[in-house]
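Given next are the chains, with one letter for each unit.
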Amino acid sequence: MLSTTEKLIFALILLGTLVAFFHPVIRRIQIIGRGRPLPRSDNLGRRIVRMLNRVLLQRCALRNERVVTGLVHAGLFYAALTFDTMTVNHTFEGFVANFSLFGHGPAGAAVSFLIDIMALVVLFATIYLGIRRFVSRPAALRTSAADSAIIYFFLAATTLSYLFFEASQVAAFPKVHRLSFLGPPLSRFLFGGAGDSLQLQATARLAWWVHLIIVYAFIAYVPHSKYFHMFAGPANLIFKRKESPAEIQPLDLEKTEIYGVEKAADLTWKDSLDAFACIECGRCQDVCPAFATGKPLSPKMIIYNLERHLLRSYRQLRRGERGELPNLVPGIIAPDEIWTCTTCGACMHVCPVEIEHLPKVFGLRQSQVLMESQFPAELNSFFRNLETNGNPWGIGFARRAEWAEKENIPLAAELNEVELLLFVGCAGSFDETGQAVARSLVRLLRQAGIKFAILGEEEKCCGDAARRLGNEYLFQLLARQNLELLAKYRVRRILVFCPHGYHTLKYEYPRLLHLFTDLPASEREFLQTIEVVSHLELFNSLVKEKKLRFKESAEVVTLHDSCYFGRHHQLTSEPRKLLKSVPGVKIRELRQHGEHSFCCGAGGGLMWTEEKIGERINRVRSREVARSGAAKAITTCPFCLTMIRDGLKDLGEEDLQVVEISQFLASNLS
C-alpha cells in the first residue's frame, strides 16, 4: 500500500508512538516497584483467570450502582477491543500490501459490519459520557475536565476518521465485498457517484494516514490520562486482597521503625498501583457516608491526590530520598479526611477496579497516632480508658460481669475447659442498651439448651476501635491479654454478637500470633484452632435444628445491616432468614440495604469521637429508617442500635422502636 519512503516515515511514527507510550509507563512501573513489599503473588494463575472473567465479561462495570453507565462502559470496552484489533490490522497493512487479519472473504465482510456497529456504540457512548460530565456535572465527576475532553475528542476523532476511511475505501474499491452499512451511504454522501479512480484511491490513502495518526496520538496520550486504567485496572484486579476490606496488616512494633504511612515512600507497591488504576468514576465518593453528610472526606480524592503526588515525587522515590518527601498528612491529605472515615468499606465494595482505600486510611492514622501523636482530642480519654480499665468508658473492670449476676452464667475460671465462650464485649458489659441485648442472647441460648460461659471481669476490650483509630500498640496489648485467657481456659468456640468483635476475634487475632513469639508454640497452635461464630450464624443453625421456635407475629419490620457483618463479611441473608423464621413477620427493606447498606456512623472508632462537621451520619440513616413505614427497626449490632435510636430521637421519631435482632427473637419465643 505504501511506498518505501512512506513506510520509512510510518515506521518512525510507530517508533515515536511506542516511545511516547512506554516512557511514562516505565516511570509508573518504577514508582510501583519502589513501594514496600506486600505478598500478593499466591495462586497467580487463579488470580489471572479471575481478572479475565471480570474484565472480558465486564463484570467490573456491569454492577447494580450505575446500571446505564455500566452498560455504556461495557459497550465502549468491546468497541475499543474491536478498534484496537483494526489498528493492528491497519499497522501491518502499512507494511504488507493487501494484508488482512480476517482475510478478504466472508470473515472480512462480517468484520466490516461489526465495526460499523461498534462505531455507533463509540459515538453514542462519547455523547452520553460528555453530556453526563459537562452538562449534568454530578459531584463524582468534577475532576480532570480537560483530560475528559481530550479523551472524548480522541474517541470521536478516531471513530469519525475511520468512517471517513471506510467511505473512501468504498468509493475507491466498489467491487470489494463488504457488509458495511455505514460506508456505502457515507461514500455516496461524500463522493457522489463514480469518480476518478486514481483520485479516490489517493483520498483513501490520505484517509488511512489521517486515521492512523489520530489513533497513534491517542495511544501516546493514554499513559498521561485516566484512560491508563485500561492497563493498570486489570493488573489491579489480579492482585485483589483476599482479606476483609477492614482487616489491617499487623505491625511488628519491636522491629519496625516507621509505623504506618507517613510519606509516599511508606506506601506498598499495591497502594501505588491503586493510584494509577483509578478510573475517577467517583462511585466510591457517591456511596461514602462521610462525603454524603458534608464532611471533607472523599475516597476518590484521596486516591486522585495520591496519584499526582506520586508522579511529582518520582525522582525522590527512584533515588530513595525519603527525607526529601513531605508528610502525606497534612501535606497531601487533610487530617479531617482520615478522621471522618467510618471504615464502612462501601468505597471498596463499589470500585470497578477494586482499589483499596481503607488500608491507606488505616496507615495514615497509625502514623498520626504512633509517630506524630496527632489525633482528635477526645481520643486521649478513650485510649487511657482502654489501657487502664480495658473498656472505652473507663468503668472499673471489676464491674464487667455485673450485668450477669442475676443470670447465673458460669465463668470460664470455674470450668476446666470451655466448649462455648460468650465474648460479651464492652457494649454488652457496660452499656445499658448492650446489656439488654446480652440478656436476650442468654435467654435464646438457654431456650436452645446451649451451655456456655463468660470470662467475666477477666475479659478485655477486643481492641477493634483502638486498631481502626491507629493505636496498634494498644490493640496488640489488649489482644495479647485476651489471647492468653483463651489459651488458659482452652476455649474451643467463641460466640460474638458484636460485628466488630466478630471481625477482630475471627480474622485479626490469628494474624497476630506470629508476632507473639514468647507464647509457647503449643498455645499458638491451639489458638489457631478456635472457631469464632456470630450470633446470626449460630441462631440460624439452631432454628434449622428446631431448637428455637417462635410464635406468630404480624409485625412489619425493617432491617439495618451492619457494615461489618454485611458488607465486610457477607452476612446479609442470615438476619433475614432469622426474621422470616418468626411466622407472620413482614420485612420492609430500606432503600440502601444488604451489601449497599448505609453506615450508622459508629464504625472505625467514630463512636468515640465528636462528629463536628456536616450532618450527623446516624441522622441520615435514621431518616431512611423512619421513611420505611415499618413499625419496628431491627439492627444486628449494639452500636448500630444506639446510633439509630439516637438518630430517631433527634428527628422526633421516638415512637419507632429499635431493637437488636436478639431482642426481637427473644420477645417472640414460643
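Residues numbered from 1 in each chain as written. Predicted model: local features only at pLDDT ≥ 70, side-chain atom pairs only at ≥ 80, totals over all residues. Heavy atoms only, no water.

J.: When you look at the overall build of the protein in this model, what are you seeing that I'm missing?
T.: In terms of regular secondary structure, the protein is built from 30 helices and seven strands. Across its three principal axes, the protein shows a C-alpha extent of roughly 105 × 60 × 45 Å. Considering only contacts within the protein whose residues lie at least 6 apart along the sequence, 81% involve residues at least 24 apart. Accessible surface computed for the protein: about 28900 Å², of which carbon and sulfur atoms make up 57%. Distance between charge centres in the protein, computed from 79 positive and 67 negative side chains, equals 5 Å. (Helix = DSSP H or I, 4+ residues; strand = E, 2+ residues; numbered from the N terminus. Contact = heavy atoms within 4.5 Å. Areas by Shrake-Rupley, 256 points an atom, 1.4 Å probe, with all protein chains shown as cover. Lys, Arg positive; Asp, Glu negative; His and termini not counted. Charge placed at Lys NZ, Arg CZ, Asp CG, Glu CD.)

J.: How should I be thinking about helix α5 (residues 145-172) in this particular structure?
T.: Each turn of an α-helix holds 3.6 residues, which means side chains three or four residues apart point in the same direction. The end-to-end C-alpha distance of α5 is 40 Å, a good match for the 40 Å that 28 residues give at a rise of 1.5 Å each. Most of α5 sits inside the fold, with 21 of its 28 residues counted as buried. (Expected span 1.5 Å × (residues − 1). Buried < 20%, exposed > 50% of the residue type's maximum accessible area, 1.4 Å probe, protein only.)

J.: Help me understand unusual backbone geometry in this model?
T.: Trans peptide bonds make up most of the peptide bonds, and negative phi angles are found at most residues other than glycine. Following Val329, the chain continues into Pro330 via a peptide bond in cis, with omega recorded as 5°. For Pro330, the position within the fold is in helix α14 (residues 328-331). Notably, Ser373 is not glycine yet its phi reads approximately 55°, a positive angle. The topology assignment puts Ser373 in the loop between α17 (358-370) and α18 (379-389).

J.: Hey, could you run me through the nonpolar core in this one?
T.: Where a protein is soluble and globular, its nonpolar side chains tend to be buried together. Ranked by internal contacts, the top residues of the largest apolar core, which has 181 residues, are Leu310, Leu422, Ile494, Phe539, Phe664 and Leu665. Non-local contacts of Leu422, meaning those with residues more than four positions away in its chain, are made with Leu441, Val442, Phe452, Ala453, Ile454, Glu459, Leu495 and Phe497. Counting residues in each nonpolar core, the second largest holds six residues, with Ala246, Cys344, Cys563 and Cys599 among its members. (Core = buried A, V, L, I, M, F, W, Y, C linked by side-chain atoms within 4.5 Å.)

J.: Would you mind going over empty space enclosed by the protein with me for this structure?
T.: Once rolled over the atoms, a probe with the size of a water molecule shows which space is left empty. Inspection of the entire model under this criterion finds eight cavities of 30 Å³ or more. In this structure, the largest cavity occupies an estimated 240 Å³ of space. Contributing to the lining of the largest cavity are 24 residues, with Cys462, Asp464, Cys498, His500 and Phe639 lying nearest its centre. Among the elements of the structure, α19 (425-430), α21 (464-468), α23 (499-508) and α29 (638-650) are those that each provide at least two residues to the lining of the largest cavity. Considering each element in turn, the lining of the largest cavity owes the most residues, four residues, to α19. Split into classes, the residues belonging to the lining of the largest cavity amount to 16 nonpolar, seven polar and one charged. Volume-wise, the second largest cavity comes out at about 100 Å³. Along the walls of the second largest cavity sit 16 residues, with Cys288, Leu297, Pro299, Cys341 and Cys347 positioned nearest its centre. Those elements giving two or more residues to the lining of the second largest cavity turn out to be α11 (289-292), α12 (299-312), α16 (346-350) and α17. (1 Å grid on protein atoms, 1.4 Å probe; cavity = no way out; pocket = protein on both sides within 12 Å on 5 of 7 lines; lining within 4 Å. Points joined across faces, edges and corners; volume = space filled by probe spheres on them. Nonpolar A, V, L, I, M, F, W, Y, C, P; charged D, E, K, R; others polar.)

J.: So what exactly am I meant to see when it comes to the pairing of strand β2 (residues 493-496) here?
T.: Here strand β1 (residues 420-423) runs beside β2; their pairing, made up of four bridges, is parallel. Among the inter-strand pairings, Leu420 is bridged to a residue of β2, identified as Arg493. Two elements, β2 and strand β3 (residues 531-534), share four bridges in a ladder whose sense is parallel. Across the sheet, residue Arg493 finds its bridge partner in β3, namely Glu531. (Pairing = 2+ DSSP bridges.)

J.: Is there a simple way to think about the layout of surface pockets in this case?
T.: What the second largest pocket holds in volume is close to 810 Å³. Together, 30 residues line the second largest pocket, and Glu93, His104, Phe165, Gln169 and Arg178 are the ones closest to its centre. Mapped by element, the contributors of at least two residues to the lining of the second largest pocket are α3 (67-95), α4 (106-136), α5 and α7 (197-221).

J.: What is the right way to read a nonpolar patch on the surface from this model?
T.: A cluster of nonpolar residues, Leu44, Ile48, Leu52, Leu56, Leu57, Tyr78 and Leu81, forms a patch on the protein surface that exposes about 570 Å² of accessible area. Those elements that provide at least two residues to the nonpolar patch are α2 (44-56) and α3. Sorting elements by how many residues they give to the nonpolar patch places α2 first, with four residues. By the element assignment, Ile48 lies in helix α2. Ile48 gets classed as partly exposed once you look at its relative accessible area, which sits at 35%. (Patch = residues over 30% accessible without salt bridge, like charges linked within 9 Å, V, L, I, M, F, W, Y side chains within 5 Å. Salt bridge = Lys/Arg side-chain N within 4 Å of Asp/Glu carboxyl O.)

J.: In this structure, what is going on with the packing of helix α20 (residues 432-447) against helix α25 (residues 535-544)? I would like to understand it.
T.: For any two helices packed against each other, the geometry is given by the interaxial angle and the distance between the axes. For the pair α20 and α25, interaxial distance at closest approach is 11 Å and the crossing angle is 30°. In terms of orientation, α20 lies roughly parallel with respect to α25. Relative to α25, α20 is oriented so that their crossing is left-handed. Where α20 abuts α25, its residues Leu441, Leu444 and Leu445 lie against His535, Leu538 and Phe539. Here the contact of α20 with α25 is built from residues that sort into five nonpolar, one polar and no charged. (Axes fitted to C-alpha atoms, helices over the stretch in contact; angles between N-to-C directions. Parallel < 35°, antiparallel > 145°, perpendicular 65-115°, else oblique. Left-handed = near helix turned anticlockwise from the far one by under 90°.)

J.: What's the story with the packing of aromatic side chains in this structure? I'm lost.
T.: The geometry of two aromatic rings is summed up by the distance between their centres and the angle between their planes. Applying the stated criterion across every chain, the model contains 30 aromatic pairs. Between the aromatic rings of Phe21 and Phe231, the centroid separation amounts to 5.5 Å while the plane-to-plane angle is 70°, which identifies the pairing as edge-to-face. With Phe21 in helix α1 (residues 4-33) and Phe231 in helix α8 (residues 229-238), this pair connects stretches of sequence that are 210 residues apart. Aromatic pair Phe77 and Tyr78: ring centres 5.2 Å apart, planes at 70°, arrangement edge-to-face. It is Arg480 that lies over the ring of Phe516; its NZ or CZ is 5.2 Å from the centre. (Phe/Tyr/Trp six-rings, centres within 6.5 Å; stacked < 30°, edge-to-face > 60°. Lys NZ or Arg CZ within 6 Å of the ring centre and 35° of its normal.)

J.: Just checking my understanding: could you explain the sheet that holds strand β7 (residues 657-660) for this structure?
T.: Within a beta sheet, neighbouring strands are joined by backbone hydrogen bonds and run either parallel or antiparallel to one another. Overall, parallel pairing links the four strands, which are arranged β5-β4-β6-β7 in an open sheet. Two strands lie at the open edges of the sheet, namely β5 (586-587) and β7, each paired on one side alone. Pairing geometry for strand β4 (residues 556-559) and β5, over two bridges, is parallel. From the neighbouring strand, Val556 faces β5, where its bridge partner is Lys586. Sitting on the sheet, α29 touches β6 (632-635) and β7, and the angle it makes with β7 is about 175°.

J.: I would appreciate a short explanation of the packing of α1 against α7 in the present structure.
T.: Direction vectors running N to C along α1 and α7 enclose 20°, while the axes themselves pass 8 Å from each other. Relative to α7, the element α1 is oriented roughly parallel. The crossing of α1 and α7 is left-handed. Counted together, Glu6, Ile9, Phe10, Ile13, Leu14, Thr17, Ala20 and Phe21 of α1 and Arg205, Trp208, Trp209, Leu212, Tyr216, Ile219 and Ala220 of α7 form the full contact between these two elements. When its residues are assigned to classes, the contact of α1 with α7 shows twelve nonpolar, one polar and two charged.

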